[in-house]
Amino acid sequence: MKILVPVKRVIDYNVKVRVKSDQSGVDLANVKMSMNPFDEIAVEQAVRLKESGTAQEIIAVSIGPEKAQDQIRQALAMGADRGVLIKTDQEVEPLAVAKLLQKIIEEEKPDLVILGKQAIDDDCNQTGQMLAALLGWGQGTFISKVELAGDKVTATREIDGGLQVVAVPLPAILTVDLRLNEPRYASLPNIMKAKKKPLDVKDIADFGVDVAPRLEVLKVTEPPKREAGVKVETVAELVDKLKNEAGVL
Ligand code: AMP
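A brief look at the structure comes next. Remember, it's a predicted structure, so these values are computed and weren't measured experimentally. (Residues numbered from 1 in each chain as written. Predicted model: local features only at pLDDT ≥ 70, side-chain atom pairs only at ≥ 80, totals over all residues. Heavy atoms only, no water.)

A closer look at the packing of helix H1 (residues 37-51) against helix H2 (residues 69-78)
Phase 1: Across the interface, H1 lies against H2 with an axial gap of 9 Å and an inter-helix angle of 30°. Taken together, the axis directions place H1 and H2 in an arrangement best described as roughly parallel. The interaxial crossing formed by H1 with H2 has right-handed handedness. Within the contact between the two elements, H1 uses Glu40, Val43, Glu44 and Val47 and H2 uses Gln74, Ala75 and Met78.
Phase 2: In the contact of H1 with H2, the residues fall into four nonpolar, one polar and two charged. (Axes fitted to C-alpha atoms, helices over the stretch in contact; angles between N-to-C directions. Helix = DSSP H or I, 4+ residues; strand = E, 2+ residues; numbered from the N terminus. Parallel < 35°, antiparallel > 145°, perpendicular 65-115°, else oblique. Left-handed = near helix turned anticlockwise from the far one by under 90°. Contact = heavy atoms within 4.5 Å. Nonpolar A, V, L, I, M, F, W, Y, C, P; charged D, E, K, R; others polar.)

What follows is the structure, given as structure tokens:
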């Protein structure tokens, strides 16, 4: 079995995001970038499937700038076998990402594609679903458990108010949720070994995919500042504040 894992370079989740003064977007200058946390979970799952003997090869793919090689190398250090970077300095929306991944999938013919459920920069939660539609494959989204047997994958999905178990025939698309696993840290020897693993850099223009944006960002603003809390003396005072100040009762 061959598994493909798309990994996105995003602002590190610990960074306090700053909005540009002209409100056109988020300031990326000198900001720490990392692999999208959900993609770390996806890589971890692929590596576990390889370690258990279910999978033989893992390919990590990223669409992004030259520096996205760092995130591919991290996937390689965690246990992926080789990487592909589709290089672009433009922002690429989920539909275009899905179309580019479709091309790579047609070439590589993986049995399973494991994506993050969402990228923490755009919070789109669209790429996996669009990719499944483009390929005509089944999908298990928001998964917190996965089992592979024969030619099908059984995935437990985290849905509102509970869990849903679905069986999806291979080849399939999975998008992973937070509780699926805890990704490993790459050890220093594995980081060193990852430097020697193959990483193919391709130019986005060679794919013949329309990557023109379909969305226009009108404005990006910071969330309103939280106001300081107050202590109340009695339950009656609390109820009064909830009714007359917060307006929630
Ligand atoms: P999104 O639909 O943007 O929330 O992203 C969902 C998932 O799609 C991510 O967790 C990644 O697995 C994958 N993905 C999105 N954009 C990219 C990209 N530029 N390069 C590689 N994978 C991506």
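Topic: unusual backbone geometry
Phase 1: Along the chain, Leu170 connects to Pro171 via a cis peptide bond; the corresponding omega equals -5°.
Phase 2: One can find Pro171 in the loop between strand S9 (162-169) and strand S10 (172-176).
Phase 3: The backbone of Lys109 shows a phi angle near 50°, a positive value even though the residue is not glycine.
Phase 4: As for its position among the elements, Lys109 is in the loop between helix H3 (94-108) and strand S6 (112-116).
Phase 5: Located in the positive-phi region is Phe142, a residue other than glycine, with phi close to 55°.

Some points on H2
Phase 1: Most of H2 sits out of view: seven of its ten residues are buried.
Phase 2: Among the residues of H2, those classed as buried are Gln69, Gln71, Ile72, Ala75, Leu76, Ala77 and Met78.
Phase 3: Positive phi shows up at Gly79, right after H2, with a value of about 140°. (Buried < 20%, exposed > 50% of the residue type's maximum accessible area, 1.4 Å probe, protein only.)

Here's the deal with the pairing of S10
Phase 1: By the criterion of burial, S10 is predominantly enclosed, with five of the five residues buried.
Phase 2: Taking every second residue as pointing to the same face, both faces of S10 are buried, with Ala172, Leu174 and Val176 on one and Ile173 and Thr175 on the other.
Phase 3: Alignment of S6 against S10, held across five bridges, turns out to be parallel. In the strand pairing of S10, Leu115 is matched with Thr175.
Phase 4: Where strand S7 (residues 138-149) lies against S10, four bridges are found, and the strand directions are parallel. By the bridge assignment for S10, Gly138 is matched with Ala172. (Pairing = 2+ DSSP bridges.)

Note that every value here comes from positions in space, so none of it alone points to a role or purpose.
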